[in-house]
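Observations on chain architecture
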Amino acid sequence: MRKKIIAANWKMNMTVSEAEAFLHTFLHEIGGENGVEIVIVPPFTALAKVSEILGRGQAAKLGAQNMHWEKSGAFTGEISAQMLRELYVRYVVIGHSERRTLFGETDDIVNRKVRASLEAALKPVVCIGETLEQRDAGEVESVLHRQIKVGLQGLSVRELSDTVIAYEPVWAIGTGRTATPEQAQAAHAFIRKTLSELWDSATADKVRIQYGGSVKPQNAAELMSEPDIDGALVGGASMDPRGFAEIVKAAMPAH
Ligand code: PGA
């Protein structure tokens, strides 16, 4: 059984004090162990504080929004895997569509970052997904195939099983327009099939595939009930601690 993974991608939002206030309410709302892996992905400036509040507890893990592939050096404005590791960061989001479209990240750059993160024992959350034009042109599968093949090139089966994939159709991000559960499930099944062709089916079965794009408390349960949807990468709705707790609850295993 794949454990569901729900991540809060705060993007360029939340100061240190706002992050503190969020966690105060959120951790209270979710209580203890709940069978869901929760990852809080604050901006770099709030990582240290969020790390300190989460401590060694297992209530939620820490993620970063990006990293550079080099270990250190003259890369003004960049952050290395080692810097993240020291703050007990466990996950790092790589190749988010905003990085791809606004900051020119290509599948090759994604691949360098993915490999560097795994070498540093950080688990990458690799974002893939088509634009509306690509969907309308019938290119969903070819786009996803290329993003997986190039972005994850060279990963061993062990590295692949430590990797999380986030399927985020670009047209659904921040637009309020969610993919239907059927559309999302079809894309997730295709992603898993592609992984099984490029690696093997046992490994493909282990990889968690999150859906991202306008996930809200109102649509989370329906999306999470699809067989190949193993969690969510939540942007806008992850900044409200009560709403985000509801999304986590929607992913809890049925008793
Ligand atoms: P959204 O963002 O939930 O605001 O659509 C999702 C994401 O970009 O990860």
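The paragraphs below set out a description of the structure included in this document. Computed from a prediction, not measured in an experiment: that's the story for all the values here.

**Focus: the site of the ligand**
Around the ligand, a shell composed of 13 residues is seen, among which Lys-11, His-96, Glu-168, Gly-174 and Ser-214 lie nearest. Relative to its unbound accessible surface of 290 Å², the ligand loses 95% to contact with the protein. The residue inventory of the shell around the ligand, partitioned by class, reads 4 nonpolar, 7 polar and 2 charged.

**So, unusual backbone geometry**
Look at Lys-11: it is not a glycine, yet its phi comes out positive at around 55°. Relative to the helices and strands, Lys-11 is located in the loop between strand E1 (5–9) and helix H1 (16–30). One non-glycine residue, Met-14, lies in the positive phi region at around 85°. Relative to the helices and strands, Met-14 resides in the loop between E1 and H1. Judged by relative accessible area, which is 14%, Met-14 ranks as buried.

**Brief notes about the pairing of strand E5 (residues 123–128)**
The two faces of the sheet receive side chains in turn, since in a regular strand these alternate between them. Within E5, 5 of the 6 residues are buried, leaving the element largely enclosed by the surrounding structure. Two strands pair when backbone bridges link them, and strand E4 (residues 91–94) and E5 are joined in this way by 4 bridges, in the parallel orientation. Paired with Val-92 across the strands is Pro-124, a residue of E5. In this sheet, strand E6 (residues 164–167) lies alongside E5 in parallel orientation, the contact comprising 4 bridges. Following the sheet pairing, Ile-128 is matched in E6 by Tyr-167.

**What to know about the pairing of strand E8 (residues 231–234)**
Of the two faces of E8, the one holding Gly-231 and Leu-233 and the one holding Ala-232 and Val-234 are both buried throughout. Relative to E8, E1 runs parallel, the two sharing 4 bridges. Bridging across to E8, Ile-6 finds its partner in Ala-232. Across 2 bridges, the pairing between strand E7 (residues 208–212) and E8 is parallel. Residue pairing in the sheet places Tyr-211 in a bridge with Ala-232 of E8. With respect to chirality, the unit in which E7 leads through helix H11 (residues 217–224) into the neighbouring parallel E8 is right-handed.

**Here's the deal with the environment of Gly-31**
Looking at the secondary structure, you find Gly-31 in the loop between H1 and strand E2 (37–41). Counting along the chain gives 28 residues from Gly-31 to Ala-59, while the straight-line C-alpha distance between them is 8.0 Å.

**Digging into H1**
The end-to-end C-alpha separation of H1 is 21 Å, in line with the 21 Å expected for 15 residues at 1.5 Å each. For H1, every residue scored as buried is listed here: Ala-19, Phe-22, Leu-23, Thr-25, Phe-26 and Ile-30. Those residues of H1 hidden inside the fold are in contact with E2, helix H2 (44–54) and helix H12 (241–250).

**Here we look at the sheet that holds E6**
What the 8 strands build is a closed barrel, ordered E1-E2-E3-E4-E5-E6-E7-E8; its pairing is parallel. Each strand axis lies, on average, 25° off the axis of its neighbour in the sheet, ignoring direction. Note that E1 and E2 share 5 bridges and pair parallel. Bridged to Ala-7 within E2 is Val-39.

**Here's the deal with the packing of H11 against H12**
Between H11 and H12, whose axes approach to 8 Å, the crossing angle comes to 15°. Taken as axis vectors, H11 and H12 run roughly parallel relative to one another. Judged by the sense of rotation from one axis to the other, the crossing of H11 with H12 is right-handed. For the pair formed by H11 and H12, the contact residues are Pro-217, Ala-220, Ala-221 and Met-224 on the first element and Gly-243, Glu-246, Ile-247 and Ala-250 on the second.

Criteria and thresholds
Per-chain numbering applies: the sequence of each chain, read as written, is numbered from 1 onward. With the structure being a predicted model, the display of local features is reserved for residues of pLDDT at least 70 and the display and counting of side-chain atom pairs for 80 or more, all residues being used for whole-chain, interface and lining totals. In computing side-chain values, all of the structure's heavy atoms are included and hydrogens and water are not. A molecule or strand has a residue near it when one of that residue's heavy atoms lies within 4 Å. Using a 1.4 Å probe, accessible areas were evaluated by the Shrake-Rupley method; residue-level cover was limited to the displayed protein chains. Three categories are distinguished: nonpolar for Ala, Val, Leu, Ile, Met, Phe, Trp, Tyr, Cys and Pro, charged for Asp, Glu, Lys and Arg, and polar for the others, with Gly belonging to the last. Numbering of helices and strands runs from the N terminus, with a helix taken as a DSSP run of H or I at least four residues long and a strand as a DSSP run of E at least two residues long. Partly exposed describes any residue whose relative accessible area lies between the buried limit of under 20% and the exposed limit of over 50%, with all areas from a 1.4 Å probe on protein chains only and scaled to the type maximum. Strand pairing is assigned whenever DSSP detects at least two bridges linking the two strands. Here, the term right-handed applies to a crossover whose path from the first strand over the helix to the second runs clockwise when the strands point away from the viewer. Multiplying 1.5 Å by the residue count of a helix minus one yields the expected span of that helix. Contact definition: two residues touch when any of their heavy atoms are within 4.5 Å. The angle between two axes is taken between their N-to-C directions and runs from 0 to 180 degrees, where each axis is a line fitted to C-alpha atoms and a helix contributes only its stretch in contact. By definition in this entry, angles of less than 35 degrees are roughly parallel, angles greater than 145 are roughly antiparallel, angles of 65 to 115 are roughly perpendicular, and the rest are oblique. Definitions for this section: a left-handed crossing has its near helix turned counterclockwise from the far helix by less than a right angle. A right-handed crossing has that turn clockwise.

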